[in-house]
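Overview (structure and organization)
Chain residues, written in single-letter form:
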Amino acid sequence: MTDTKNLGFNSKLIHGGGHHDEYGAATVPIYQTSTFRFDSAEDGAACFAGEKDGYVYTRIGNPTVSALERQVAELEHGYGAVAFASGMGAVSTVYMAYLNAGDHMISSDAVYGASRTMMEGHMSRFGVQSTYVKTEKLENIKAAIRPNTKMLYIETPANPTMGITDIEACAKIAKEHNLLLVVDNTFCSPYLQNPLDLGADVVLHSVTKFINGHADIVGGIVITKTQELYKQLHVMMLNLGGNMDPHQAYMVIRGLKTLGIRIDRAQESAMKVAEFLESHPQVASVAYPGLKSHPQYELAKKQMRGPGTMISFELKGGLEAGRKLMNNVKMCILAVSLGGVETLIQHPASMTHSKVSATAKAAAGITDGLVRFSVGIENVEDIIADLKQALDKI
Ligand code: LCS
């Protein structure tokens with residue numbers, strides 16, 4: 001087996017994870033089993049007592065799922081990873097694993113809608129408090145810190161505003177105040193950003209998006225910097241029961257192999273699409289980290305290896321114009337989700353962030369006129385032509 005430590009990113013996507021199969025299979029087999037035979041009663045007891053390594057039950061661990069976890073932990077430069085049935089399984093298990101009743105969390109105000117409703121609407125019932133601020137401005141974070149603050153949770157770039165938060169500066173604040181820094185890295189994937197290298201403690205992904213990349217499964221993964229954080233998370237995962245299933249893990253391993261080439265291609269197109277949108281008379285503003293007009297353009301260049309494939313924009317005609325645009329695209333798909341091979345368009349205020357209160361949306365800059373666009377790997381001329389014909393109908 002190759003030692004993958006010193007290989008380049010794209011080689012790690014193909015050969016990482018270090019799975020060893022007795023038949024020499026070139027891909028990771030699907031271990032479609034719920035349970036594993038013990039060699040003896042003593043062997044089973046030793047596995048349960050943690051005295052012996054070995055698989056016992058798929059909710060606790062499965063070789064196909066472990067192969068994905070090892071591979072993503074390596075790509076994010078972490079100690080270990082735990083895979084989940086969905087991105088929200090990852091987010092909610094992170095909250096449950098690292099926060100107690102009476103604790104307080106500070107979060108970016110623009111985060112995926114359900115990450116916020118889970119905390120505000122449900123964790124609050126267990127006595128966890130939360131404050132939402134524009135984490136793009138560090139003074140907002142400092143001002144929100146309370147004696148019981150335990151976690152700083154950021155999403156960068158933020159869904160759906162594309163705001164960028166300085167991970168390294170957040171890590172400094174977190175260290176000074178003994179906070180756990182959690183970064184939702186879904187919009188970048190490990191190809192474009194490695195938050196653990198910038199001082200974060202925990203990184204999470206909706207693997208539904210770039211990591212899988214083919215809009216055919218949902219999944220989540222969390223990568224921890226230390227063994228202790230890994231253990232806390234793993235025990236919470238197996239008790240809550242949100243484990244990833246082996247067939248799902250196989251699909252993700254398959255999709256992950258092309259992460260680099262998918263993003264290279266879509267990112268090249270995203271720059272052209274963003275420039276096209278910025279020059280279109282119906283468009284009021286475009287938020288794309290690759291454009292000089294993005295308020296955190298320099299920061300994006302510093303902490304990301306590329307501006308990514310996600311674009312948000314406002315139309316001069318507001319919501320009505322946005323509706324017309326979305327109803328008139330032909331090739332691009334009007335659908336939520338993002339980060340796949342297909343170009344998707346959606347309306348955050350009425351779709352992905354519809355459960356966030358109107359006041360919270362307004363404060364976070366999620367306006368009624370905001371449209372979110374996830375650039376796929378189709379021919380860029382076709383993407384732009386489709387957008388143009390739909391914009392011309394407004
Ligand atoms: N984190 C981010 C940044 C997300 O965008 C999402 C889903 C999640 C976590 C949750 O992951 P899931 O459970 O869906 O795998 N974002 C979606 C979106 O923007 N459209 O549809 C889902």
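Residues numbered from 1 in each chain as written. Predicted model: local features only at pLDDT ≥ 70, side-chain atom pairs only at ≥ 80, totals over all residues. Heavy atoms only, no water.

Section: the nonpolar core
Cut-off, in case you're wondering: By nonpolar core we mean a set of buried residues, namely Ala, Val, Leu, Ile, Met, Phe, Trp, Tyr and Cys, connected to one another through side-chain atoms within 4.5 Å. Buried residues are those whose accessible area, probed at 1.4 Å on protein chains only, stays under 20% of the maximum for their type, while exposed residues exceed 50% and partly exposed ones sit between those limits. The numbering of helices and of strands both runs from the N terminus, where a helix is a DSSP run of H or I of at least 4 residues and a strand a run of E of at least 2. Domain start and stop positions are those given by an automatic or database domain assignment.
Counting 53 residues, the largest nonpolar core has Leu68, Leu152, Leu181, Ile221, Ile223, Met244 and Leu256 as its most contacted members. Looking at which element gives the most residues to this core, the answer is helix H3 (residues 63-75), with six residues. Each of domain 1 (9-256) and domain 2 (259-391) accounts for three or more of the residues forming this core. Among the nonpolar cores identified, the runner-up in size contains 27 residues, and Cys332, Ile345, Phe373 and Ala390 belong to it.

What to know about the sheet that holds strand S8 (residues 283-287)
What counts, and what does not: At least two DSSP bridges between two strands are needed for those strands to be called paired. Residue contacts follow a heavy-atom distance rule, with two residues in contact if any of their heavy atoms lie within 4.5 Å. Here, axes are lines fitted to C-alpha atoms. For helices the fit covers the stretch in contact, and angles between N-to-C directions go from 0 to 180 degrees.
Read from one edge of the open sheet, five strands run S8-S9-S12-S11-S10, paired in mixed fashion. Lying at the two open borders of the sheet, with one neighbouring strand each, are S8 and strand S10 (333-334). Summarising the sheet, S8 and strand S9 (residues 310-315) pair through four bridges and their orientation is antiparallel. The residue bridging Val283 from the neighbouring strand is Leu315, located in S9. This element, helix H11 (residues 259-279), spans S8, S9 and strand S12 (370-374) of the sheet and lies at about 10° to S9.

Some thoughts on the domain arrangement of the protein
The condition that has to hold: Values labelled buried area give the accessible surface lost by two parts on being combined, using a 1.4 Å probe and summing over both. Counted as salt bridges are all cases of a side-chain nitrogen of Lys or Arg within 4 Å of a carboxyl oxygen of Asp or Glu. Within 3.5 Å is the distance limit for a polar contact, defined as a pair of N or O atoms, with the added protein rule that one can donate a hydrogen and the other accept it, and that residues adjacent in sequence qualify only through two side-chain atoms.
Taken domain by domain, the protein comprises domain 1 (9-256) and domain 2 (259-391). Relative placement of domain 1 and domain 2: their C-alpha centres are 26 Å apart. At the boundary of domain 1 with domain 2, total buried surface from both sides reaches about 3,200 Å², with 60% on carbon and sulfur atoms. When the buried area of domain 1 at its contact with domain 2 is split by residue, Ile164, Leu192 and Phe210 rank highest and sum to 22% of it. In this structure, Asp166 engages Lys302 in a salt bridge whose closest nitrogen and oxygen atoms are separated by 3.8 Å. The interface formed by domain 1 and domain 2 contains 21 residue pairs in polar contact (both at pLDDT 80 or more).

A few points about the sheet that holds strand S4 (residues 149-155)
Across the sheet, seven strands lie side by side as S1-S7-S6-S5-S4-S2-S3; this open sheet has mixed pairing. Both edges of this open sheet fall to strand S1 (80-84) and strand S3 (129-133), since each of them pairs with a single strand only. In this sheet, adjacent strand axes meet at a mean angle of 20° when their direction is disregarded. The pairing of strand S5 (residues 180-184) with strand S6 (residues 202-206) spans three bridges and is parallel. The residue of S6 that forms the bridge with Asp184 is Leu204. Each of S1 and strand S7 (220-224) is contacted by H3, which is oriented at about 130° to S1, the strand it contacts most.

A word on the site of the ligand
Put simply, the rule reads: One heavy atom suffices: a residue is near a molecule or strand as soon as one of its heavy atoms comes within 4 Å of it. Lys, Arg, Asp and Glu make up the charged group, whereas Ala, Val, Leu, Ile, Met, Phe, Trp, Tyr, Cys and Pro make up the nonpolar group; the residues left over, Gly among them, are polar.
Around the ligand, the structure places 17 residues, and the nearest of them are Met88, Asp184, Ser206, Thr208 and Arg372. A distance of 2.9 Å is found between an oxygen atom of the ligand and a backbone nitrogen or oxygen belonging to Gly87. Lys209 places a side-chain nitrogen or oxygen 3.2 Å from a nitrogen atom of the ligand. Residue classes in the shell around the ligand are distributed as four nonpolar, nine polar and four charged. Viewed by domain, the shell around the ligand spans two of them, domain 1 (9-256) and domain 2 (259-391), each represented by three or more residues.

Comments concerning the packing of aromatic side chains
Defined as follows: Within 6.5 Å between ring centres, the rings of Phe, Tyr and Trp (the latter by its six-membered ring) count as paired, and their orientation is classed by plane angle as stacked under 30 degrees, edge-to-face over 60, tilted in between. Definition used: whenever NZ (Lys) or CZ (Arg) falls within 6 Å of the ring centre and also within 35 degrees of the ring normal, the charge is taken to sit over that ring.
Scanning the entire structure with this criterion turns up six aromatic pairs. Arranged with centres 6.5 Å apart and planes meeting at 70°, the rings of Phe313 and Phe373 form a pair that is edge-to-face. A residue pair is termed long-range when its members are at least 10 positions apart, and Phe313 in strand S9 and Phe373 in strand S12 qualify at 60 residues. Given a relative accessible area of 0%, Phe373 falls into the buried group. Positioned above the aromatic ring of Tyr132 is the side chain of Arg116, whose terminal nitrogen or guanidinium carbon lies 4.0 Å from the ring centre.

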